[in-house]
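# Commentary on secondary and tertiary structure
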Amino acid sequence: MVASTRHDAWQAGESYDAYMGRWSRPIASRFLNWLEVPEGLDWLEVGCGTGALTEAIVRHCAPAGVTAIDPSEGFISLARARVADPRVRFRIGDAASLARMSAASRDVAVGGLVLNFIPDRVAALADMMRIVRRDGVVAFYVWDYPGGGIEFMRTFRTAAVELDPEVRDLTQNSRFPFCTPEGLIALAREAGLRFPECMAIEAPSVFSDFEDYWLPFT
Ligand SMILES: C[S@@+](CC[C@H](N)C(=O)[O-])C[C@H]1O[C@@H](n2cnc3c(N)ncnc32)[C@H](O)[C@@H]1O
């Protein structure tokens, strides 16, 4: 398994939002539409970052409560400022801290764009399953890295590898080979999830000009 590296920098919430927020927000809403879970449930969110999915849960799912965890203090403080809803509790913690959460204490456990960064993702999914009640839902989404999922990033990285072939190993296609429909279903089965399903979620990237495209990379 691939551990996080210095290339995964999770502290500067405002920069992250400029870079990824414009995709992670629409994707979060589409994901929740697909899940179609009832209102009034208790949610757990792993790797909530700056709160894109948390905010969508509050807006679309009328939750009874949401516990949202992330190891980044910077991201959590921005998420707290953004999603000031009494039903939401943000906590600093990584996926390993799920082992300390009570069994059968939530109805839904989710993670958006995070599973590939978790060193022991099978254990994380197994913990999410343990934490949800019987007939609960465990669900997550990741970029389709090997399929070229993040088109704006792939264009950048393809150009970078052409200029310097040594950076090839840092491209996320090779870091996260399991992020394919078959790989994700296999991962879910390995963690013991029953009846895993996978579907594609797409969001268009429209840039107003080159600056709009380039600034987030800087
Ligand atoms: C690409 S961001 C996604 C954030 C947010 N869910 C979103 O959709 O915008 C990945 C997040 O995973 C978190 N993360 C990294 N390693 C983690 C781990 N081992 N356990 C839990 N979260 C982790 C990072 O702090 C970061 O907030």
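Because the structure is a prediction, the values reported are computed rather than measured.

## Remarks on the environment of N33
Along the chain, N33 turns up in helix α1 (residues 13-35). Counting along the chain gives 27 residues from N33 to H60, while the straight-line C-alpha distance between them is 8.4 Å.

## Quick notes on helix α2 (residues 52-61)
Along α2, seven of the ten residues are buried, which leaves the element largely enclosed by surrounding structure. Every buried residue of α2 is accounted for by A52, L53, T54, A56, I57, V58 and C61.

## Overview of the packing of aromatic side chains
Inspection of every chain in the model, using the stated rule, returns nine aromatic pairs. Between the aromatic rings of F117 and F176, the centroid separation amounts to 5.4 Å while the plane-to-plane angle is 85°, which identifies the pairing as edge-to-face. Of the two residues, F117 sits in the loop between β4 (106-112) and α4 (121-131) while F176 sits in the loop between α6 (172-175) and α7 (181-190), which places them 59 residues apart along the sequence. Of the two residues, F117 and F176, both sit in the buried class. Between F210 and W214 the ring centres are 6.0 Å apart and the planes differ by 15°, which places this aromatic pair in the stacked class. One end of the pair is F210 and the other is W214, both in helix α8 (residues 210-214) and four residues apart, which spans about a single turn. Residue F210 is classed as exposed on the basis of its relative accessible area of 55%.

## Considerations on the confidence of the model for the chain
In the predicted model, the chain carries a mean pLDDT of 89, and the fraction of residues at 70 or more is 90%. Contacts for the low-pLDDT stretch residues 1-7, under 50 throughout, to residues beyond four places or in other chains number ten contacts.

## Some words on the pattern of salt bridges
Inspection of the entire model under this criterion finds six salt bridges. Residue E55 pairs with R25 through a salt bridge whose shortest N-O separation is 2.8 Å. With E55 in helix α2 and R25 in helix α1, this pair connects stretches of sequence that are 30 residues apart. The class of R25 is partly exposed, set by a relative accessible area of 24%. E55 serves as the salt-bridge partner of R59, at 3.9 Å between the closest nitrogen and oxygen. Placement of the pair is R59 and E55 together in helix α2, with a separation of four residues, close to one helical turn. Here R59 falls in the exposed class, since its relative accessible area comes to 59%. Overlapping salt bridges bring together R25, E55 and R59 as one network.

## Remarks on the site of the ligand
The environment of the ligand is formed by 19 residues, the closest being Y16, G47, D70, A95 and G112. Side-chain polar atom of S24 to an oxygen atom of the ligand: 3.2 Å apart, as the coordinates give it. The separation between a nitrogen atom of the ligand and a polar main-chain atom of G112 is 2.8 Å. Protein contact buries 95% of the 590 Å² of open area that the ligand shows by itself. By residue class, the composition of the shell around the ligand is twelve nonpolar, five polar and two charged.

## Quick word on the UniProt feature "domain: Methyltransferase type" (unreviewed entry) in the chain
In this numbering, the UniProt entry assigns the feature "domain: Methyltransferase type" (unreviewed entry) to residues 44-140. The annotated region residues 44-140 carries 32% helix and 31% strand content, and the separation between its end C-alpha atoms amounts to 11 Å.

## Quick look at the sheet that holds strand β5 (residues 132-141)
Backbone-to-backbone hydrogen bonds pair the strands of a sheet. The strands run either parallel or antiparallel. Reading across from one edge, β3-β2-β1-β4-β5 is the order of the five strands in this open sheet, with parallel pairing throughout. Edge positions in the open sheet fall to β3 (88-92) and β5, since each of these has one partner strand only. The sheet shows a mean angle of 15° between the axes of neighbouring strands, direction not considered. Of the pairings in the sheet, the one linking strand β1 (residues 42-46) to β4 comprises four bridges and is parallel in character. Within β4, the residue paired with L44 across the bridge is A109. Contacts from α2 reach β1, β2 (65-70), β3, β4 and β5, with the element oriented near 160° to β1. Contacting β2 and β3, helix α3 (residues 73-82) runs over the sheet at an angle of about 165° to β3.

What counts as what
Residues numbered from 1 in each chain as written. Predicted model: local features only at pLDDT ≥ 70, side-chain atom pairs only at ≥ 80, totals over all residues. Heavy atoms only, no water. Helix = DSSP H or I, 4+ residues; strand = E, 2+ residues; numbered from the N terminus. Buried < 20%, exposed > 50% of the residue type's maximum accessible area, 1.4 Å probe, protein only. Phe/Tyr/Trp six-rings, centres within 6.5 Å; stacked < 30°, edge-to-face > 60°. pLDDT = per-residue confidence, 0-100. Contact = heavy atoms within 4.5 Å. Salt bridge = Lys/Arg side-chain N within 4 Å of Asp/Glu carboxyl O. Near = heavy atom within 4 Å. Polar contact = N/O pair within 3.5 Å; in protein donor to acceptor, adjacent residues only side chain to side chain. Areas by Shrake-Rupley, 256 points an atom, 1.4 Å probe, with all protein chains shown as cover. Nonpolar A, V, L, I, M, F, W, Y, C, P; charged D, E, K, R; others polar. UniProt positions renumbered as here; feature names shortened; annotations may be inferred. Pairing = 2+ DSSP bridges. Axes fitted to C-alpha atoms, helices over the stretch in contact; angles between N-to-C directions.

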